[in-house]
Amino acid sequence: MSVISEDSVFTSLQQHGPLAVEDSVYLTRPFSFHTRKWVENLCQQRINITKYRALRSQIFEFLEISSFVQLNELLQHPEKQTNRSHRACLLLGNMFGLNGSSREIEARVYEYARTADAVVNSLKGKILKPYASFVDTTNEIEVANDPVTLLLIMFNDRYHKKARFEARRKLVLMNLAGSIDQRERETGIEEKFSNFLHFLNDYVWSKNLKIGEHDIAYLYSQHSEETFCCNSVKVLTEKQAKEVQLSKGSKLTLLKRRRFSAGNREIPIYVSIRKKPPEAKVLKLLRKNEKNPAVAVDDELGLMAVLDSVADIKTFQTHLTRSASKANSFMVLEDISDTLTGSAAYRTTATGSSSKTEMMKFFARLGGMRVEFIIHTNRSWLNYMYKKEVSHDEYEVKRIFDSGVMELLFPQDIFRLDLEKIRNDMIRRFRNNIEE
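1. What to know about the pairing of strand E8 (residues 369–377)
Regular strands show a simple pattern: their side chains alternate between the two faces of the sheet.
Next up, step 1: Taking burial as the measure, the nine residues of E8 include eight buried ones, the bulk of the element.
Next up, step 2: The pairing of strand E5 (residues 301–307) with E8 spans six bridges and is parallel. Its bridge partner being in E8, Met-304 is matched across the sheet by Ile-374.
Next up, step 3: Connecting strand E7 (residues 360–366) to the antiparallel partner E8 that follows it, the hairpin turn spans two residues, and Gly-367 within it adopts a positive phi of roughly 55°.

2. Considering the packing of helix H4 (residues 81–95) against helix H8 (residues 147–154)
Next up, step 1: Relative to each other, H4 and H8 sit at 115°, their axes nearing to 8 Å. Judged by the angle between their axes, H4 and H8 are roughly perpendicular. Within the contact between the two elements, H4 uses Gln-81, Arg-84, Ser-85, Ala-88, Cys-89 and Leu-92 and H8 uses Pro-147, Val-148, Thr-149 and Leu-152.
Next up, step 2: Taken together, the residues that form the contact of H4 with H8 break down as six nonpolar, three polar and one charged.

3. Here we look at empty space enclosed by the protein
Next up, step 1: For the structure on display, the rule yields one cavity of 30 Å³ or more.
Next up, step 2: Looking at the largest cavity, its volume works out to about 50 Å³.
Next up, step 3: Taken together, Ala-116, Asp-117, Val-120, Thr-137, Ile-141, Glu-166, Arg-169, Lys-170 and Leu-173 make up the lining of the largest cavity.
Next up, step 4: Elements with a contribution of two residues or more to the lining of the largest cavity: helix H5 (102–125) and helix H9 (161–187).
Next up, step 5: Take the lining of the largest cavity: its biggest share by element is four residues, from H9.

4. Observations concerning the packing of aromatic side chains
Next up, step 1: All told, the structure shown has 13 aromatic pairs when counted by the stated rule.
Next up, step 2: Seen in terms of ring centroids, Phe-60 and Phe-68 are 4.9 Å apart; in terms of plane orientation they differ by 65°. Their pairing is edge-to-face.
Next up, step 3: Centre to centre, the rings of Phe-260 and Phe-316 are 5.2 Å apart; their planes meet at 50°, and the pair counts as tilted. One end of the pair, Phe-260, is in strand E3 (residues 250–262); the other, Phe-316, is in helix H14 (residues 310–326), and 56 residues separate them in sequence.
Next up, step 4: Under the relative-accessibility criterion, Phe-260 is labelled buried at 0%.
Next up, step 5: Cluster of aromatic residues (ring-pair linked, three or more members): Phe-60, Phe-68 and Phe-155.
Next up, step 6: Taking NZ or CZ as reference, Lys-251 lies 4.7 Å from the ring centre of Tyr-386, over its face.
Next up, step 7: Geometry around Phe-363 places Arg-370 over its ring, the cationic atom sitting 4.0 Å from the centre.

5. A word on the side chain of Lys-161
Next up, step 1: Structurally, the position occupied by Lys-161 is in helix H9.
Next up, step 2: Taking relative accessible area as the criterion, Lys-161 reaches 13% and is therefore assigned buried.
Next up, step 3: With residues near it in sequence (within four places) discarded, Lys-161 still touches Gln-15, Val-21, Glu-22, Asp-23, Asp-413 and Ile-414.

6. Some points on H9
Next up, step 1: For H9, which comprises 27 residues, the first-to-last C-alpha distance of 39 Å matches the rise-based estimate of 39 Å (1.5 Å per residue) to within 8%.
Next up, step 2: Residue Gly-188 follows H9 closely and has a positive phi angle near 65°.

7. So, the pattern of salt bridges
Pairing is possible between side chains of opposite charge, provided their charged atoms come close.
Next up, step 1: Evaluation of the coordinates by the stated rule reveals 32 salt bridges.
Next up, step 2: Between Asp-117 and Lys-170 there is a salt bridge; the shortest N-O distance is 3.2 Å. Of the two residues, Asp-117 sits in helix H5 while Lys-170 sits in helix H9, which places them 53 residues apart along the sequence.
Next up, step 3: Taking the shortest distance from any N to any O, the salt bridge between Glu-372 and Arg-274 comes out at 3.0 Å. You can see Glu-372 sitting in strand E8 and its partner Arg-274 sitting in strand E4 (residues 265–275), a full 98 residues away along the chain.
Next up, step 4: Three or more residues are tied together by salt bridges with common partners; here these are Lys-126, Asp-393, Glu-396 and Arg-399.

Rules used in this analysis
Residues numbered from 1 in each chain as written. Predicted model: local features only at pLDDT ≥ 70, side-chain atom pairs only at ≥ 80, totals over all residues. Heavy atoms only, no water. Buried < 20%, exposed > 50% of the residue type's maximum accessible area, 1.4 Å probe, protein only. Helix = DSSP H or I, 4+ residues; strand = E, 2+ residues; numbered from the N terminus. Pairing = 2+ DSSP bridges. Axes fitted to C-alpha atoms, helices over the stretch in contact; angles between N-to-C directions. Parallel < 35°, antiparallel > 145°, perpendicular 65-115°, else oblique. Contact = heavy atoms within 4.5 Å. Nonpolar A, V, L, I, M, F, W, Y, C, P; charged D, E, K, R; others polar. 1 Å grid on protein atoms, 1.4 Å probe; cavity = no way out; pocket = protein on both sides within 12 Å on 5 of 7 lines; lining within 4 Å. Points joined across faces, edges and corners; volume = space filled by probe spheres on them. Phe/Tyr/Trp six-rings, centres within 6.5 Å; stacked < 30°, edge-to-face > 60°. Lys NZ or Arg CZ within 6 Å of the ring centre and 35° of its normal. Expected span 1.5 Å × (residues − 1). Salt bridge = Lys/Arg side-chain N within 4 Å of Asp/Glu carboxyl O.

Have a look at this one:
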């Protein structure tokens with residue numbers, strides 16, 4: 001389900017619906033012609049009436065008012081906002097299960113505001129980098145972290161339409177950030193991430209390497225002119241890589257590899273371990289059209305590994321199981337998919353993902369954790385990085401545009417962006433970076 005569809009859970013951000021931010025604020029003029037037309041439009045769908053009433057009730061409770069007419073008094077007397085701001089943060093603290101002093105709770109709520117800014121800045125820094133000036137947040141909104149201040153900006157006609165939309169967007173993203181923080185505290189994700197790193201260092205990686213030590217290797221690969229898929233790949237030492245003369249269709253890719261012991265062998269493995277940052281989780285909730293992190297974010301802990309061959313991958317799986325036993329935990333593999341052999345297409349419901357992707361994927365349940373493992377051979381990893389229609393950079397662009405998230409966060413009537421044109425332009429730019 002698209003995040004901009006009629007059934008979206010983010011109706012309040014949609015600029016094509018009855019709750020869209022308009023050129024001027026009319027809510028304090030209930031009998032104007034414009035307001036009557038707005039009510040007529042709202043009443044066309046009963047679900048919109050229900051959503052509007054719920055939002056109105058929340059706004060009134062948050063601001064301690066009983067009608068929109070009272071907004072003018074708050075807007076004209078900023079000193080009256082202070083007590084409401086303190087009360088609002090305490091209400092949010094109780095809703096998200098925060099403990100501590102009022103100052104500590106306010107600091108945590110303001111942290112949600114910084115996460116909301118980070119969501120926009122993460123898109124601006126990569127997927128929209130050439131268009132950063134188009135999507136820059138208004139200064140007054142970027143520095144505003146207090147939810148009452150942001151809420152009042154939404155109804156202040158002194159602010160431009162873009163600023164009022166950005167204030168609303170920031171509040172919605174803050175709410176998602178609060179839900180994610182609550183989920184992380186409930187599941188103890190920080191402790192689990194630390195425990196997972198200790199498990200890897202104590203039981204999985206070779207004791208012949210110090211913690212954090214890597215072997216430097218290079219993948220020298222030749223790629224198809226049409227699809228840029230990997231036709232051949234060789235592992236080179238640092239010395240050998242310096243002698244390579246790259247030609248069209250060839251790539252030299254650095255890998256910093258660890259090792260694990262299997263019998264008398266030391267098997268090299270490139271590993272990327274991640275804990276999703278809050279802004280990435282917020283974007284995932286938006287893409288999934290979901291406000292509940294427990295439903296949408298199932299890959300909080302993840303490990304991606306690259307090995308030389310399928311045989312080494314099987315050896316690594318066995319080594320993982322034995323390592324878990326040594327750590328006094330049984331390990332179960334769940335939701336296994338394997339397209340490394342090319343015998344089956346990659347099955348995915350994720351927007352923007354390609355069925356041509358080759359990899360082994362599973363979740364490992366061990367030690368009270370559920371960790372997502374994505375495992376590649378050298379060749380499949382190079383395809384994951386560089387192949388047309390498969391590369392991760394292309395996937396990032398497709399999933400954020402095709403899911404409707406870009407239109408939700410940067411609506412065309414406010415930001416003046418041709419999103420379809422930008423989508424294709426960014427894919428072209430990433431392809432050029434890869435192939436040239």
